[in-house]
Amino acid sequence: MAKPVETVETPAAEGHGKQTWPLWEVFVRSSRGLSHVHAGSLHAPDAEMAVRNARDLYTRRNEGVSLWVVPASAIVASDPDAKDEFFESPKGKDYRHATYYTKSEGVKHL
Amino acid sequence: MAVQTQATLQAVPSAEDEAGQAYFDKIIAEDSRIEPADWMPEKYRKTLVRQMSQHAHSEIIGMQPEANWITRAPSLKRKAILMAKVQDEAGHGLYLYSATETLGTPRDVLNQQLLEGKAKYSSIFNYPANSWADMGAIGWLVDGAAIANQVPLCRASYGPYGRAMVRICKEESFHQRQGFEILLELSNGTPAQKQMAQDAVNRFYAPALMMFGPTDTDSPNSQQSMAWNIKRFSNDELRSRFVGMIQEQVKVLGLTLPDDKIRYNEETGMWEHGELDWDEFHEVLAGRGPCNAQRMERRREAHENGAWVREAAAAYAEKKAQKAQVA
């Protein structure tokens, strides 16, 4: 079901023949107590430079207290073509939600 | 024989394409968002790559007119502000390249298109920034027009584009305000300073209005872009809205706009303005503006001069990776 996310392979620019920097996905934690959230991507030669570039690119205005950089090629995503059947299971299972239970309406602290 | 088979295959959409198109149409009709891994019509993809990369190139080239004034900014405060702004423009370019790459065109290819002069960028950056007051006019009018254009793009149907635009719009409002403040200070200064501010507004007014693109009757791609929910308003609608805003703001500045045809049309609900010189617009877009050659030359130079940094960083990363392997 799962397959690597379709990231951009970055072939060398035409006629230059030089290898280009790999693509990194950047995740920013905006403040303590919150999760890291995907902010975008960037190119960098290695992890250390990726973190520095991510700081310059995605946190110029105190947007974050922590950064993650992940090689884009390392991310595994669910199959985009199977979106309906893959997420089918929870559908039609309203009883998983509190709103399904209406008889208790008006009862306090429930 | 093989060629014929291929031609037939291209003419008849596959079952997969038909299902993809149906799903795409449904998402657009619901005003939801298309994400990178989704099936999308080839023309939708191409339109986005063109629009988004042009936008990215504009941010990158747009660094030049202002970077030109960093060393001559009148105070340390203004120098720091201008540097932050130019750094933002670089950042905006990178957000947009990052979003464009999700459509499958590598950044190197986009960059190469710019360097080879195959890609377009906003015509406004081919005008010179002659005086310090131009930093004010660029911030107020050029960034102002950009914001008017870009706020609706935050709701563009392509997810990564919309998200990049949200980030950009947040930062642009600082750009516009700092420009307004420069003009306001000059306007309240000596008569010569006030005149300098007025001259800058006079020069940037028409080019800023042309940033919204050709008139609706002369903008063939607009309708399709609106049907795809990439664009939300037509060029003329956005331009009219912008004229309405600046004709009010200019009063606070104590300056005037070089256009005596500005008026509100009660019937259409649109702000009207004087005729723009579209021949000039097309000339500049075709590469024959006052600064096109200079901007491109500077860009190529910067790219070439930075080559050793890119190569050194790549070599260092490789050396470190090898050492890690040995250890």
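Residues numbered from 1 in each chain as written. Chains lettered and ligands numbered in written order. Predicted model: local features only at pLDDT ≥ 70, side-chain atom pairs only at ≥ 80, totals over all residues. Heavy atoms only, no water.

You'll find chain B entered in an unreviewed UniProt entry as Phenylacetate-CoA oxygenase subunit PaaA, with Arthrobacter mangrovi given as the organism.

Q: Which residues make up the interface of chain B and chain A, and what values do they have?
A: Between chain B and chain A, the residue contacts involve 27 residues of the former and 29 residues of the latter. In this assembly, chain B packs against chain A so that about 2300 Å² is buried in total across both faces, 52% of it on carbon and sulfur atoms. When the buried surface of chain B facing chain A is broken down by residue, Glu101, Asp108 and Arg167 of chain B rank first, second and third, together holding 20% of it. Counting the contacts that link chain B with chain A gives six salt bridges. (Contact = heavy atoms within 4.5 Å. Buried area = accessible area lost by both parts, 1.4 Å probe. Salt bridge = Lys/Arg side-chain N within 4 Å of Asp/Glu carboxyl O.)

Q: Kindly report on unusual backbone geometry, identifying the contributing residues and their values.
A: Trans peptide bonds make up the majority, and among non-glycine residues the majority have a negative phi. Residues and elements named next belong to chain B. One non-glycine residue, Asp31, lies in positive phi territory at about 55°. Take Asp31: its relative accessible area is 37%, and that puts it in the partly exposed class. The phi angle at Asn229 is positive, at roughly 60°, despite the residue not being glycine. Mapped onto the fold, Asn229 is located in the loop between helix 10 (222-227) and helix 11 (235-253). Classification of Asn229 by relative accessible area gives buried; the value is 14%. (Buried < 20%, exposed > 50% of the residue type's maximum accessible area, 1.4 Å probe, protein only. Helix = DSSP H or I, 4+ residues; strand = E, 2+ residues; numbered from the N terminus.)

Q: I'd like to hear about the packing of aromatic side chains, residue by residue, with values.
A: All chains considered together, the criterion is met by twelve aromatic pairs over all chains. Taking the centre distance of 5.0 Å and the plane angle of 85° together, the rings of Phe86 of chain A and Phe87 of chain A count as edge-to-face. Classification of Phe86 of chain A as partly exposed rests on a relative accessible area of 38%. Aromatic pair Tyr44 of chain B and Trp228 of chain B: ring centres 5.4 Å apart, planes at 85°, arrangement edge-to-face. (Phe/Tyr/Trp six-rings, centres within 6.5 Å; stacked < 30°, edge-to-face > 60°.)

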